[in-house]
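# Examining the three-dimensional arrangement
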Amino acid sequence: MKGEDIIMHVDMNSYFATVEQQANPLLRGKPVGVCAYLSPKGCIIAASQEAKKFGVRTGMRVSEAKKICPQIILLANDPDKYRFISRQIFSVLKKISDDVEVYSIDEAFIDLTGLAKDFNVAQAIAKKIKQTIRDEIGSYLTCSIGISHTRWLAKFASEENKPDGLTIITQQDLANIFKDRPLQHAWGIGRALECRLQLLGIENLYQLQHSSPSFLQTNLGWYGYYLWCHLNGIEVEGVDAQRNQLPKSIGHSYCLPKITNDKDYLVRIMSKLTWQAASRMRSLNLQTGKISCGYHNVAGQTLFRSWKLPRYLYDSVDIIKQALLLFTQPIISKINFLAVSLNDLVFRSGQLSFFTDEIKKSNLNKAIDTVNNKFGKFTLLPGSLINFREFPPDRIGFRKNIRYES
Ligand SMILES: [Mg+2]
């Protein structure tokens, strides 16, 4: 344990809704809900502080939000606007330290070890960050900041006071901070893990902190041991500025064993390539806004097309449908190489993924990925590929070999 490490976590408050209020002063001080779709069945992906006071929550249906807060102002989400502001916020943080790990669209960790000699200096830096965001980006934007000795505790600290909080957790605080705290207050403990812990006789965070690490490891695997480390102030991961660097593209390509212009065969190969690329993309919690696909033919010609998707996609079947648009043009010459690449990759933030009818789709993809990760990547496939035994091997994105992207 390096007890003297100083880690900060910065988390913007009610981010999408606050950015809208920053952009339009008429929305300030009012309950605002940012929605995936504005229809009654659409759902809220971010609620302003004022709307939260009425009980409006992320994931709530638009119709329900209107019932508990009739005066709520509903807006369709505008991801470009949120990303634009995020870039500015992260550049404020990167001026303080090179060790900034962007964790999501509105959160980042900063390693202040060596820069701040103690928590007092770290606290002054936190105040400066809040002030700079207000002065240089927007007076209405607030963030909650947590400071502690480990990455996990810094995140726990930032959750303690919202909005506009500044919380420090010292090594000494660890003795009392988890007393009577529900398990789900901890980062990384959801309902399923809570149930498993309860079955082990662990009812709250204090009991978890004082459990035996080997008991946790025996019953929950390494994750159980890491949880114990987190609660006892032992660093497990550290801040890694490279960790969440987004890849520029995720692709897959295949030199065909059968040189052909058989469209049915080519469609199936392209579907499998896209299937693999999409599941790799989801494993990084990303979605794609642009697709590129193409082929080489035996005449030595190369045809690659690149187009913007109607919206950000993460579902394999949706992405395959897009990739297959490549074949709407007639294929004259025989093809020997096929490739697909998913570009314009952005994080699927929890908030963005709550599209009304997308919740089922999201769960389905999650289930498919879990099964395929465990039993092989083609265990579950779309019906059209079931008896198709061609298996393009895993390989690095073809972007590395062929530079055709703008
Ligand atoms: Mg936030």
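Residues numbered from 1 in each chain as written. Predicted model: local features only at pLDDT ≥ 70, side-chain atom pairs only at ≥ 80, totals over all residues. Heavy atoms only, no water.

### With respect to the pairing of strand 7 (residues 143-148)
Within strand 7, six of the six residues are buried, which leaves it mostly tucked inside the rest of the structure. Residues Cys143, Ile145 and Ile147 of strand 7 are buried on one face, and the alternating residues Ser144, Gly146 and Ser148, pointing to the opposite face, are buried as well. Both strand 1 (residues 7-12) and strand 7 contribute to a ladder of six bridges, which runs antiparallel. Counterpart to Met12 in the pairing with strand 7 is Cys143. Where strand 7 and strand 8 (residues 166-168) come together, three bridges link them in parallel fashion. Residue pairing in the sheet places Ile145 in a bridge with Leu166 of strand 8. One crossover worth recording links strand 7 to the parallel strand 8 by way of helix 6 (residues 151-160), and it is left-handed. (Buried < 20%, exposed > 50% of the residue type's maximum accessible area, 1.4 Å probe, protein only. Helix = DSSP H or I, 4+ residues; strand = E, 2+ residues; numbered from the N terminus. Pairing = 2+ DSSP bridges. Right-handed = clockwise from strand over helix to strand, strands pointing away.)

### Remarks on the packing of helix 9 (residues 213-220) against helix 10 (residues 222-231)
Helix 10 packs onto helix 9 with a crossing angle of 145° between their chain directions and a minimal axis gap of 6 Å. Together, Pro213, Leu216, Gln217 and Leu220 of helix 9 and Trp222, Tyr223, Gly224, Tyr225 and Trp228 of helix 10 make up the contact between the two elements. Tallied by class, the residues present in the contact of helix 9 with helix 10 amount to seven nonpolar, two polar and no charged. (Axes fitted to C-alpha atoms, helices over the stretch in contact; angles between N-to-C directions. Contact = heavy atoms within 4.5 Å. Nonpolar A, V, L, I, M, F, W, Y, C, P; charged D, E, K, R; others polar.)

### A short note on the coordination of the magnesium ion
At the metal site, the magnesium ion is ligated by Asp11 (OD), Met12 (O) and Asp106 (OD), and these contacts range over 2.2 to 2.3 Å. Each donor residue of the magnesium ion belongs to the same chain, and together they define the spacing D-M-x93-D. Separated by 95 residues along the polypeptide, Asp11 in strand 1 and Asp106 in the loop between strand 5 (100-104) and strand 6 (107-111) bring together distant segments of the chain. Residue Asp11 shares its accessibility class with Asp106, and that shared class is buried. (Donors = N, O, S within 2.8 Å, 3.2 Å for Na, K, Ca; no water.)

### Points about the sheet that holds strand 12 (residues 335-347)
Strand order in this open sheet of four strands is 9-12-10-11, and the pairing throughout is antiparallel. The open sheet has two edge strands with one neighbour each: strand 9 (249-260) and strand 11 (302-313). In this sheet, neighbouring strand axes are inclined to one another by 15° on average, regardless of whether the strands run parallel or antiparallel. Pairing of strand 10 (residues 286-297) with strand 11, which is carried by eight bridges, proceeds in the antiparallel orientation. Looking at strand 11, one finds that Ser292 is bridged to Ser306. Relative to the sheet, helix 11 (residues 263-283) contacts strand 9, strand 10, strand 11 and strand 12, its axis offset from that of strand 9 by approximately 155°.

### Quick word on the confidence of the model for the chain
Looking at the chain, the pLDDT average stands at 87 and 92% of residues meet or exceed 70. A low-confidence stretch, residues 395-406 (pLDDT under 50), is modelled with 27 contacts involving residues beyond four sequence positions or located in other chains. (pLDDT = per-residue confidence, 0-100.)

### A word on a nonpolar patch on the surface
Nonpolar side chains collect at one region of the surface, where Trp222, Tyr223 and Tyr226 lie side by side and expose about 340 Å² of accessible area between them. On the secondary structure map, Tyr223 appears in helix 10. (Patch = residues over 30% accessible without salt bridge, like charges linked within 9 Å, V, L, I, M, F, W, Y side chains within 5 Å. Areas by Shrake-Rupley, 256 points an atom, 1.4 Å probe, with all protein chains shown as cover. Salt bridge = Lys/Arg side-chain N within 4 Å of Asp/Glu carboxyl O.)

### With respect to the domain arrangement of the chain
Looking at the assigned domains, one finds that the chain contains domain 1 (1-169), domain 2 (178-244) and domain 3 (249-400). Relative placement of domain 1 and domain 2: their C-alpha centres are 25 Å apart. Each side of the interface is counted separately: domain 1 has 19 residues, and domain 2 has 18 residues. Here domain 1 meets domain 2 over a buried area of about 1700 Å², counting both sides, of which 63% is carbon and sulfur. Connecting domain 1 to domain 2 are two salt bridges. In this structure, the salt-bridge partner of Arg151 is Glu237, at a minimum N-O distance of 3.0 Å. On inspection of domain 1 and its partner domain 2, the count reaches five residue pairs in polar contact (both at pLDDT 80 or more). Contributions of two or more residues to the side of domain 1 that touches domain 2 are made by strand 5, strand 6 and helix 6. At six residues, the largest contribution of residues to the side of domain 1 that touches domain 2 is made by helix 6. Of the residues that constitute the side of domain 1 that touches domain 2, the class distribution is ten nonpolar, two polar and seven charged. (Domains from an automatic or database assignment. Buried area = accessible area lost by both parts, 1.4 Å probe. Polar contact = N/O pair within 3.5 Å; in protein donor to acceptor, adjacent residues only side chain to side chain.)

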